[in-house]
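# Inside the fold
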Amino acid sequence: MSQALGEIAATLGGAKARASGQRKGYSTMLISLAGAVTPDGGPEGELELAAMLESQGVTDAVAARYGTADVFALAHQLLALPRASEPPAAPAMQIVAGWEPALLLRSLLRSALMIAMMGMLLVGVQAYERAMRALGVPGWTTMLGLLAAMAIAGGMMQASGWRVSQALSQGTTRAVRPLLLLGLAFGMSIALAVSAALVGGGMLLELPPAGLAGLGASCLALTLLLLLSGSLVLLERTHWAGAALGLAGGGAWLAHSAHALGADPRTAVALSYLAAIALLAALLALAIRQVSRAADRGIYRVPPAGQMLYNAAPYLAYGALAVIYVFAGQLNGWLGRVPDGWTRDQAIAALNVAHLLSLATVVISQGVAEYALRLFWGAIRAAQSEALVCDYAAIRASVQLFLRRHLRMVLLGQALASLAVAALAQWLWARYPLEALLGPLVTPMLYISLAGYSLLAWGLYGCGFAVTVARPWPAVRALLAAATLEFASGLLLGQAGGFALSVVGVVVGGAWLALSTRRMIAQMLDRVDYLLYQAF
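Residues numbered from 1 in each chain as written. Predicted model: local features only at pLDDT ≥ 70, side-chain atom pairs only at ≥ 80, totals over all residues. Heavy atoms only, no water.

Let's shift gears to the side chain of S365. Relative to the elements of secondary structure, S365 occurs in helix α13 (residues 344-386). In this structure S365 comes out as buried when scored by relative accessible area, which is 0%. Discounting chain neighbours no more than four positions away, the residues touching S365 are V410, G413, Q414 and A457. (Helix = DSSP H or I, 4+ residues; strand = E, 2+ residues; numbered from the N terminus. Buried < 20%, exposed > 50% of the residue type's maximum accessible area, 1.4 Å probe, protein only. Contact = heavy atoms within 4.5 Å.)

So this is what it looks like as C-alpha cells:
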C-alpha cells in the first residue's frame, strides 16, 4: 500500500505531452477548473482560468509538462478542449489497467516474505517472553509492551511510507535518507513516551520492578526492531530484512546449542536481538546508499518537521489502528469465559493459533490489493486523458469498473489462501505434535476466524483505496468503528458462550468494515477530482 501512495505525486504532472493534434493527459483538477469558465469568454476567460490555475499551485513548470510555454498558454489550450454534452454520457468503452503478471508476482512474493518475517518475529517474541518470565516479569506486562510497540511501528511505517513512496515515485532519491531518519527518530520518541506512560501506570498499580521493566523494555526494544525491518520493506528490501532476522536468530540458537553462550537462554535472546539490530541497521544504511545513488530526476523539498508530522497524523493513526484491530479480536477472547476442561493458557494458545493462521491469509490477499492500488493511477490517468471536459460520469464509470474488477481478485486470493491454510493446518496438526508447541487447533474456531478475516480483507481493500487517493481520515473512522464493534461484540460473546465464541466478533467487525468502506467509496466517487484530495 505504501508504494501505491507515491503514485499520487506523479499525477499532477500527468502524462507527457503527446504529438501535436492529439489530446494530452490533462488531470481531472485541470479539467474541472476549465469547466468552471465559459469557453467562449475570449481573453477574459483565459485570464480568469490562468488566475484559477495559479491559485491551485499550477506554475509555468507544471504547464511545461503539458507542452505549453506558461500558465496562460495552458489556460488557452484547456478552454479549446471539446466539452461533454449535458448530461454527460458514459463512454462506450471503459478504460481499465492492463494485466501485469510480473508486478502481481512481486507483490505476492513480498507477502510471502512478510509471513516468513512474522514467523521469525513470533519465535523471537516467544523466546523473549520466556526470558522475561524467568526474570520474574509478569507475562501480561510483556505482552502489553509488545502490543504497544507493534501499534507504534505499524503507524510509523504507514506514515513514513506515505512520504518515502512519494519521493521515490518522483525520482527524488536524495530525500529518502532524511525522511527515513525522521521517521525512525519520531517513532522511537513515541515509543519512549508510551513506555514512560506504561511504566507510570504500572507504578500506580504497584507492579514489582520486574513488571515495570517488562513494560518499558518490551515497548522500546520491539519498536526499534520493527522500525528498522519496516524501513527495509519500504525500500523493497524485504528479503534483506528476513535474512537479517534469520541469521541473527539462527546464529544465536546454534551458539546456544553448542553451549558457547553458557546454559542461560537469556544470553542467547540478548545476543540474537543485538545481532538483529546491528544487521538491520547496516543493511538499511546500505539500502539508503544504493537508493541515493540512483539518478535523481528532480527537487524534493522536505517540509518543516512540524508540518510533515501534522500531515502524517492520519496515516499514523490508520497504521496503528490496523494493528489494534487484529489484537482487539484476540484480547476479547483472552478475557472470555473458560469452559470446563480448559485452562486459561490453553484457551489463549487456541485463540492465538486461529488468529495468526487467519492473519496469514490477509497478508497474502493484501499483496493482491497492493498490486491493484499500484495500478490505479495509471488507470485513472488513462481515463482522464480520454474523457471529455467535465465528463465525470465517464471517469467515474472507469474507476468503478477498476475497483470491482480488482476487488474480485482480492476476494478470490483471500478465498484460495483461506482454503489452503485450513487444509494445511489440519494436516500439520494431525501429523506433527504442534499442539504442544503452539497450542490446540480448534477447527470450528478456525473456520469462523477465516471468515472474519476474509471480510477484513474486503474492508482493508476499501480503506487502502481511500489512503491511496489521500483521504486517510474516512479510512481511520471506518477502522476505528469496526475495531470498537469487534471488541465489544467479541467480549460479550466470549463472556456469554465461552472464549471460542469471541471469534464471532471478528466476523461482526469485518462485516461492518466491508459495508462502511463500500459506502465510503460510493460517496467519494460522487466527485472524482482526486487531485483536490492531495495534502502534500
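What follows deals with the confidence of the model for the protein. Regions with low pLDDT should not have their predicted coordinates read in detail. Overall, the prediction assigns the protein a mean pLDDT of 79, with 82% of residues at 70 or greater. A low-confidence stretch, residues 2-23 stays under pLDDT 50, and its non-local contacts, those more than four residues away or across chains, total 73 contacts. Low pLDDT (under 50) marks residues 85-96, which in the prediction has 17 contacts with non-local residues, meaning those over four places away or in another chain. (pLDDT = per-residue confidence, 0-100.)

Membership of the largest hydrophobic core comes to 51 residues, with the highest contact counts inside it found for Y318, F376, V399, L403 and F465. Counting residues per element, the ones that place at least two in this core are α6 (101-134), α7 (139-169), α12 (305-334), α13, α14 (392-431), α16 (443-468), α17 (472-497) and α18 (504-524). By size, the runner-up hydrophobic cluster in this structure holds 42 residues, among which are L121, L184, L228 and A276. (Core = buried A, V, L, I, M, F, W, Y, C linked by side-chain atoms within 4.5 Å.)

Taken as a whole, this structure holds 2 aromatic pairs when the rule is applied. With a centroid separation of 5.0 Å and 65° between ring planes, the pair formed by W342 and F499 is classed as edge-to-face. Placement of W342 in the loop between α12 and α13 and of F499 in the loop between α17 and α18 is noted, with a sequence separation of 157 residues between them. In this structure F499 comes out as buried when scored by relative accessible area, which is 2%. Measuring from ring centre to ring centre gives 6.0 Å for W427 and Y432, while their planes differ by 80°; the resulting arrangement is edge-to-face. Here W427 falls in the partly exposed class, since its relative accessible area comes to 47%. Overall, Y432 belongs to the partly exposed group, its relative accessible area being 41%. Sitting above the plane of the W240 ring, R237 keeps its charged end 5.3 Å from the centroid. (Phe/Tyr/Trp six-rings, centres within 6.5 Å; stacked < 30°, edge-to-face > 60°. Lys NZ or Arg CZ within 6 Å of the ring centre and 35° of its normal.)

The subject of this paragraph is the side chain of Q330. Locating Q330 in the fold gives a position in helix α12. By relative accessible area, Q330 is classed as buried at 4%. Not counting chain neighbours up to four residues away, the residues in contact with Q330 comprise L351, N352 and H355.

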